[in-house]
Amino acid sequence: MKRNDYNFCFQKRLIPIVTFLFLGSSIVSASDLKALEKSTLGLSIENLKQSMIRGRVMSAGESLPGVTVSIKDQPIQATATDMEGNFSLEAPVGSTLVFQMVGFETVEVSATSQTMTINMNPSITSLDEIVVTGYSTQKKENITASVATVDGDDLRDVSSPSVGNMLQGKVAGVDVVSSTGRPGDNPNIRIRGRSSIYSDISPLWVVDGVIQHGVPNINPNDVESMSVLKDAAATTQYGSRGTNGVIVVTTKRAKAGEGTLNVNLKSGISQFNHGNFKLMNSQQIYDTFQQFRNQSDIPANITKDVLANDFNWVDNGTQDAAMHDLSVSYVARTDKASVYFGGNYFTEEGTVKGYQYDRWAGRLNIDYFINDRITFKPKVNATYTSNDNAQHSLYQMYLNLPWDNPFDASGKLVTPRIQDINWYGRDDNNYLYDLQWNYGNGEIFDIQINADFDVKINDHFTFVSTNNFAYYNSNSFSYTDPSSVGGLATQGSIYNSNGRRNVRFTNQMLKFDRSFGDHNVNAFAAYEYMDYVYKDMGATGIGIVAGSEILNNTSEPQDISGTKNDYAANSGIINVAYNYADKYNAQASYRIDGSSRFGGEKQYGSFYAVSGAWNVHREDFFQLDRFDYLRLKASYGLVGNVPTALYGSYDLFNLNAQYNGAPAAYPGQLGNSLLTWETSKDFNLGLEFGLMRRFTFTADYYNKNTDGLLHFVALPATAGYSGYYENIGAVSNKGIEFAIGANIFNPESPFQWRIDVNFARNINRIEELVDGKDQPAGNKRYSEGRDIDSWYMRKWAGVDPENGDPLWEVIDSESGAVTTTNNYNSASLQFVGTSTPDFLGGFASAMQFKNFYLNASFAFNKGAYAYNAGRELFDSDGAYPFYNQMVLQDGWSRWSESNPNATHPVAVYNGGTNSNKTSSRYLEDASFIRLRNITLGYSFPESITSKLNVKGLGAYISGDNLWISTKFSGIDPEAALYGDATSQYPSPKRLTFGLNVSF
């Protein structure tokens, strides 16, 4: 070989590249390179050639789809297994292939030229799983905070357009209550209790790093996972917005492999859920009239002639409603880009007639690898929702009498308000008459655009830029016809309104990650800014030509309204995480927030957290083979909560007045430049362990104390100002949470059964109020030492067996002695329970045998009391004789001389005993266990899919809310807790058929 004067030095990992570059050149010969290879890598030139590696991934004898297969030294070159577990990947023979999937142990094998068969074992520990913890991701084994993650596939068992509904019963300590079953409405969500009296108590939502304005309007099928951040160590990164917990949504991205088109179609029928509630028919109402003690007071026209009509208003106003959900997604990845596109059309009719909800949604997530250092990550999410609203009145459906027929003999609708007809109902209201003409509709367009990018500065530093613009536009319209009862006085009317919201968000972050032997440090520093502007306007015009929908065609303007509000916030964030030998983990966070909602003296606030975790199973002394892992963790931190009032610290003047024909101003709110954040001091202690590769257990104890509660202090009229905001008051929440998971059978069994249970108990207490004085809150009352949601009313003492009179408790103010009275006004107001549950949770079962699977999920709530206000009207003991009444529940009975020990007092026409007035009589235990979903499905084998030229094919049948166990006498205990307690709109029963196809 000819020698020269050049010397070359290469890193060992670059020898294969150098070999290809120099092979056949005049610099070195093939024999020299072979010697170089043997002396360095032990590889041959033939081994460096790319080959098509093929194989199949299995688990417990079954194919395993969705496994990521990559080359260890070149992770960007990757693919994924198809529905039958097959894969193909170009790689050098002898290179190391890595097989990864959440919930399974990672496998590394050497690539061979023969068809490979890879077996993967389920990982009950899943400690290598990467979890989104807010602004960053962490290996589950290194997490020091209280974070619960739910995979997207486990969320989509329930058919709903709202991502919020999917969390019910899935995460310990997260209380999700559906206050209404109307399509498109969001649930109420609380994480670890209620931390404020007057400020917002809803959790913060974050989607792909962007803070949202309320519950995000996204397609649930686009969700890859949800992480619920519960303690200060997790939420302090969000500073003044994190006190109520944070829900982090990660949307789907392409992982590896060739392009795949997925089509998911499901259609279903929803049915109105009557619960335990049943109204009387004509005969039963007539029989009730015969029970009235004062028969002489009943009008003479109440004879058996009323039985000629037996109209069922509820059946007439409800329906079996259709639901359709079509989702299409496409994922692909190359060495230059990865693409995820998702599109969705969802349409649902309300089970109460007259309401239609439609949503179109589209998402595009792109990662474009400009070079080895720069990745451009644009995203677009757009939704368009609309509703047509001519919904039947639940209130009138429940209260109108069956004696009244809304139609005449010819089938035309009638109304007693403008026609001389015989009508018994108290309100003289045939709501169907106006529904012939009157209607409304609404539409919302919501788009979010991201221009994100990452710059890898070197092996240790990465710059991450997140930049989002969100635009929201809503329009609403209502039409009142001149011929309708509601339009007679104005000759009809039209109402139009429009609202527009712009939100800008940016986060510029520098990340650091470096290992020093057994030491690893992961840190980031970031600056964040967002601003918000909202404008709306609305107008009503009266006097229209029937059918006109144009506001300008009204003959006279009536009301004009409009508003604008805005706010801005900026923040600085530092977070440092340290790990030693995967045994000891520590994390510290610090955030400074500035908000336009506060005056100059308190415009900035500081928030912090420290946390640590000990992986006991990594210690040499821990030699218990039955334990897969054992972890202890603890955290303490300070987080905040901003006021709902955008201008609470400022002097405000009202300008909507005039003096002598000129615009005039008058005082409104008195400013408080010292107003600042509510702050929560949060302590968390956690335990996690796994046993025998089949059982997992997680437990947390927390204690959160919130002080500086924002309170509006009213001033007397002589002060000129209505009042001012001040930081007064304190609330505490402490509780326990645990989650248990079990694989009933060994991984080798062809039949697999997984059970998961979560449970949470929270104790809420008001620690301080203004001047220590109680504050009324409707039928509730805020009082030091008590739960925020404590009911305060007269306490029902039953029925006097001697005469059938209602009884209430009287408490002597001096001695505390308890007696009873039949005089409502003499009864004592007192605390009689709370709407906070004693405990709540959920459990799930997942069974699989070969290609069949059967999954079920349940949610439960114990100890919460709901005030069933509707019973004041339709269980009124004669006070409202011309409202329909509910059929008495099993075990209930009406007093009579022959039945002295009854639950219901004597019935009196037009009342007079006040038995239906507000008292604990109508305060009911709203505990329930609900079957949220049950799904039976089948995944077709390759022998069928190959003939159909598809990658995968599955079909299933699913049921939502098919069963509930509760003592609550109303329609839906959830709707009564946080919704309309009089006219409850229940979550519907639903039966759904679905089909999934992959191409």
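Residues numbered from 1 in each chain as written. Predicted model: local features only at pLDDT ≥ 70, side-chain atom pairs only at ≥ 80, totals over all residues. Heavy atoms only, no water.

- The protein chain is annotated in an unreviewed UniProt entry as SusC/RagA family TonB-linked outer membrane protein of Albibacterium profundi.
- In its Sequence similarities (unreviewed entry) section, the UniProt entry covering the protein chain states "Belongs to the TonB-dependent receptor family."
- Of the comments in the UniProt record for the protein chain, the one headed Subcellular location (unreviewed entry) reads "Cell outer membrane". (UniProt positions renumbered as here; feature names shortened; annotations may be inferred.)

**Section: the UniProt feature "domain: TonB-dependent receptor-like beta-barrel" (unreviewed entry) in the protein chain**
Thought 1: As recorded in UniProt, the sites labelled "domain: TonB-dependent receptor-like beta-barrel" (unreviewed entry) are residues 386-951.
Thought 2: The span residues 386-951 carries 3% helix and 54% strand; its end-to-end C-alpha distance comes to 35 Å. (Helix = DSSP H or I, 4+ residues; strand = E, 2+ residues; numbered from the N terminus.)

**Concerning the side chain of Asn142**
Thought 1: With respect to the helices and strands, Asn142 occurs in the loop between strand E10 (137-139) and strand E11 (147-151).
Thought 2: According to the relative accessible area criterion, Asn142 is buried, its value standing at 15%.
Thought 3: If we ignore the near neighbours within four places in the chain, the residues touching Asn142 are Asn579, Asp582, Asn585, Asn615 and Arg631. (Buried < 20%, exposed > 50% of the residue type's maximum accessible area, 1.4 Å probe, protein only. Contact = heavy atoms within 4.5 Å.)

**Considerations on the sheet that holds strand E43 (residues 806-811)**
Thought 1: One open sheet holds the three strands; their spatial order is E42-E43-E44, and the pairing between them is antiparallel. What marks the edges here is a single partner per strand, and that holds for strand E42 (796-799) and strand E44 (818-821). Averaged over all pairs of adjacent strands, the angle between their axes in this sheet comes to 35°, without regard to strand direction.
Thought 2: For E42 and E43, the ladder comprises three bridges, and the chain directions are antiparallel. Bridging from a neighbouring strand, Val799 pairs with Pro806 of E43. (Pairing = 2+ DSSP bridges. Axes fitted to C-alpha atoms, helices over the stretch in contact; angles between N-to-C directions.)

**Structural notes on the pairing of strand E31 (residues 653-659)**
Thought 1: Across the seven residues that make up E31, only a small minority, zero, are buried.
Thought 2: Sheet topology places E31 next to strand E32 (residues 662-667); five bridges connect them, and they run antiparallel. Residue pairing across strands places Phe653 opposite Pro667, the latter belonging to E32.
Thought 3: Between E31 and E32, which pair antiparallel in sequence order, lie two residues; one of them, Asn660, sits at a positive phi of approximately 60°.

**Let's talk about unusual backbone geometry**
Thought 1: Even without being glycine, Arg192 reaches a positive phi, approximately 55°.
Thought 2: Residue position: Arg192 is located in the loop between strand E13 (188-191) and strand E14 (204-207).
Thought 3: Residue classification places Arg192 among the buried positions, given a relative accessible area of 2%.
Thought 4: Look at Asn660: it is not a glycine, yet its phi comes out positive at around 60°.
Thought 5: Within the secondary structure layout, Asn660 lies in the loop between E31 and E32.
Thought 6: What makes Asn660 exposed here is its relative accessible area of 75%.

**Comments concerning the sheet that holds E14**
Thought 1: Judged by pairing direction, the sheet is mixed, and its five strands sit side by side in the order E11-E16-E17-E14-E15 without closing on themselves. In the strand order of this sheet, the two ends are held by E11 and strand E15 (210-211), each with one partner.
Thought 2: The pairing of E11 with strand E16 (residues 223-229) spans five bridges and is classified as antiparallel. When the sheet's bridge partners are listed, Val147 is paired in E16 with Leu229.

**Remarks on the packing of aromatic side chains**
Thought 1: Applying the stated criterion to the full structure yields 48 aromatic pairs.
Thought 2: Where Phe622 meets Phe627, the ring centres are 5.6 Å apart and the plane angle is 75°; that geometry is what we call edge-to-face.
Thought 3: Residue Phe627 is classed as partly exposed on the basis of its relative accessible area, which comes to 27%.
Thought 4: Judged by centre distance (5.1 Å) and plane angle (25°), the rings of Phe689 and Phe697 are stacked. (Phe/Tyr/Trp six-rings, centres within 6.5 Å; stacked < 30°, edge-to-face > 60°.)

**Points about the pairing of E43**
Thought 1: Following E42, the chain reverses through six residues before pairing antiparallel with E43; Gly804 in that reversal takes a positive phi of roughly 80°.
Thought 2: Connecting E43 to the next strand, E44, in antiparallel fashion are six residues, including Gly816 with a positive phi near 80°.

**Observations concerning a nonpolar patch on the surface**
Thought 1: A grouping of Ile574, Val576, Tyr590, Ile592, Tyr604, Tyr608, Val610, Tyr636, Phe683, Leu685, Tyr701 and Ile736 is seen on the molecular surface, where their side chains present a nonpolar patch of about 1,000 Å² in accessible area.
Thought 2: Elements with a contribution of two residues or more to the nonpolar patch: strand E27 (556-580), strand E28 (584-595), strand E29 (604-615) and strand E33 (678-691).
Thought 3: Per-element accounting of the nonpolar patch gives the leading share, three residues, to E29.
Thought 4: With respect to the helices and strands, the residue Ile574 is situated in strand E27. (Patch = residues over 30% accessible without salt bridge, like charges linked within 9 Å, V, L, I, M, F, W, Y side chains within 5 Å. Areas by Shrake-Rupley, 256 points an atom, 1.4 Å probe, with all protein chains shown as cover. Salt bridge = Lys/Arg side-chain N within 4 Å of Asp/Glu carboxyl O.)

**Let's talk about helix H5 (residues 282-290)**
Thought 1: Those residues of H5 not exposed but buried are Ser282, Ile285, Tyr286, Thr288 and Phe289. Projected down its long axis, H5 carries its buried residues within an arc of 155°, all on one side.
Thought 2: Near the N-terminus of H5, the side chain that reaches the backbone nitrogen of Gln283, with its oxygen 3.2 Å away, is that of Asn281. (Arc of directions from axis to C-beta. Polar contact = N/O pair within 3.5 Å; in protein donor to acceptor, adjacent residues only side chain to side chain.)

**Quick look at the side chain of Asn221**
Thought 1: If you trace the backbone, Asn221 turns up in the loop between E15 and E16.
Thought 2: There is a polar contact of 2.7 Å between the side chain of Asn221 and the side chain of Ser327.

**Considerations on the environment of Ile211**
Thought 1: Note that Ile211 resides in strand E15.
Thought 2: Each C-alpha atom, one on Ile211 and one on Val248, is 9.1 Å from the other, the two residues being 37 residues apart in sequence.
Thought 3: The contact partners of Ile211, leaving out residues within four places of it in the chain, are Tyr135, Leu204, Trp205, Val206, Tyr238, Arg241, Phe505 and Glu528.

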